[in-house]
Amino acid sequence: MSDDPVQITARGPRADAEAAAAAIDGDLRLEGATYSILEEDEERGVWRIDAYPTQPDEAHAFRAVLAGFAALTTATEVLADADWLAMALSGLPPVRAGRFFVYGLHDRGRTPPNAVNLRIEAGAAFGTGHHGTTVGCLLAYDRLLRRS
């Protein structure tokens, strides 16, 4: 594997995908590795594992684990060089929660003057204000402020 970022995808029956995910979780070489498992096609019973190794050794370990599940079809694809965070944010609207308006830098200029504007720069490890707990806390805070 080159230093280009890759995605390793394995598809197959649910039981095999779940067993492979358990094997990934149990492999010390993959401790902290990034992957997901989801149902891709309910009608056909196809489940999918998407793995995003950060180093060649990690990619090799993913492939080795997945090779142990013959019912899974595994493929590796080089990911295009892109600013994935910017692409994800481009279609993400700001959040209005009571008097609060949560937005990112990509929404500057769209902030209402009659709101408490909260700028949050979403990143790989921090959100955008869209999570229900964030909105719920802001709405609760808004209600408390109205009582004052």
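Just above sits the structure.
Per chain, the residues get numbers from 1 upward, laid out in the order the sequence is written. Local features in this predicted model are restricted to residues whose pLDDT is 70 or higher, and side-chain atom pairs enter the listing and the counts only when it is 80 or higher, whereas totals over whole chains, interfaces and linings include all residues. Just so you know, side-chain values use all the structure's heavy atoms and leave hydrogens and water out.

**Student:** What is the right way to look at the nonpolar core in this model?
**Tutor:** Soluble globular proteins: nonpolar side chains tend toward being buried together. Ranked by internal contacts, the top residues of the largest apolar core, which has 17 residues, are Ile24, Leu30, Ile49, Phe62, Leu66 and Leu72. Listed by contribution, the elements that provide at least two residues to this core are strand 1 (6–12), helix 1 (14–26), strand 3 (46–51) and helix 2 (56–67). Runs of H or I in DSSP of at least four residues are treated as helices and runs of E of at least two as strands, each being numbered from the N terminus. The leading source of residues in this core is helix 2, at 5 residues. When sequence neighbours within four positions are dropped, the list of residues in contact with Ile49 reads Ile8, Thr9, Ala10, Ala17, Ala20, Ala21, Ile24, Tyr35, Ser36, Ile37 and Leu66. Only buried residues count toward a nonpolar core. Its members are Ala, Val, Leu, Ile, Met, Phe, Trp, Tyr and Cys residues joined through side-chain atoms within 4.5 Å. Buried, partly exposed and exposed residues are distinguished by accessible area as a fraction of the type maximum, computed with a 1.4 Å probe on protein chains only: under 20%, between the cut-offs, and over 50%, respectively. Only heavy atoms enter the contact rule, under which two residues are in contact if any of them lie within 4.5 Å.

**Student:** Sorry if this is basic, but what is going on with helix 1 here?
**Tutor:** What sets the pattern is the α-helix's 3.6 residues per turn: residues three or four places apart point alike. In this model helix 1 runs 18 Å from its N-terminal to its C-terminal C-alpha over 13 residues, within 8% of the 18 Å that 1.5 Å per residue would give. For helix 1, the set of buried residues is Ala17, Ala20, Ala21 and Ile24. Projected down its long axis, helix 1 shows its buried positions confined to an angular sector of 100 degrees, all on one face. The outward face of helix 1, more than 90 degrees from its buried face, is lined by the exposed residues Ala15 and Gly26. What a helix should span is 1.5 Å times the count of its residues minus one. The directions considered for the arc run from the helix axis to the C-beta atoms.

**Student:** Before we go on, may I ask you to explain the pairing of strand 3 in this structure?
**Tutor:** On a regular strand, each side chain points to the face opposite its neighbour's, so the side chains alternate between the two faces of the sheet. Most of strand 3 sits inside the fold, with 6 of its 6 residues counted as buried. Across the two faces of strand 3 the burial is the same, with Val46, Arg48 and Asp50 and Trp47, Ile49 and Ala51 all buried. Strand pairing is assigned whenever DSSP identifies at least 2 bridges connecting the two strands. Pairing of strand 2 (residues 35–41) with strand 3, which is carried by 6 bridges, proceeds in the antiparallel orientation. Bridge pairing in strand 3 places Glu39 opposite Trp47. Taking the residues that link successive antiparallel strands as the turn, the strand 2-strand 3 hairpin has 4 residues, and the phi of Gly45 there is positive, at about 70 degrees.

**Student:** Can you help me understand the pattern of salt bridges in this one?
**Tutor:** Two side chains bearing opposite charge may form a pair once their charged atoms approach each other closely. The salt bridge definition used is simple: a Lys or Arg side-chain nitrogen within 4 Å of an Asp or Glu carboxyl oxygen. For the structure shown, the criterion picks out 9 salt bridges. In this structure, Glu40 engages Arg11 in a salt bridge whose closest nitrogen and oxygen atoms are separated by 2.8 Å. On the criterion of sequence distance, the pair formed by Glu40 in strand 2 and Arg11 in strand 1 is long-range, its members being 29 residues apart. By relative accessible area, which is 33% here, Glu40 ends up partly exposed. Two residues, Glu18 and Arg14, come together in a salt bridge whose shortest N-O distance is 2.9 Å.

**Student:** Can you walk me through a nonpolar patch on the surface in this structure?
**Tutor:** Note that patches include only residues with greater than 30% relative accessible area and no salt bridge, and the join distances are 9 Å for like charges and 5 Å for nonpolar side chains (Val, Leu, Ile, Met, Phe, Trp, Tyr). Per-residue and other accessible areas were derived by the Shrake-Rupley procedure at a 1.4 Å probe size, with only the shown protein chains allowed to occlude residues. A contiguous nonpolar surface patch, about 270 Å² in accessible area, is contributed by Tyr141, Leu144 and Leu145. Here Tyr141 is to be found in helix 4 (residues 132–147).

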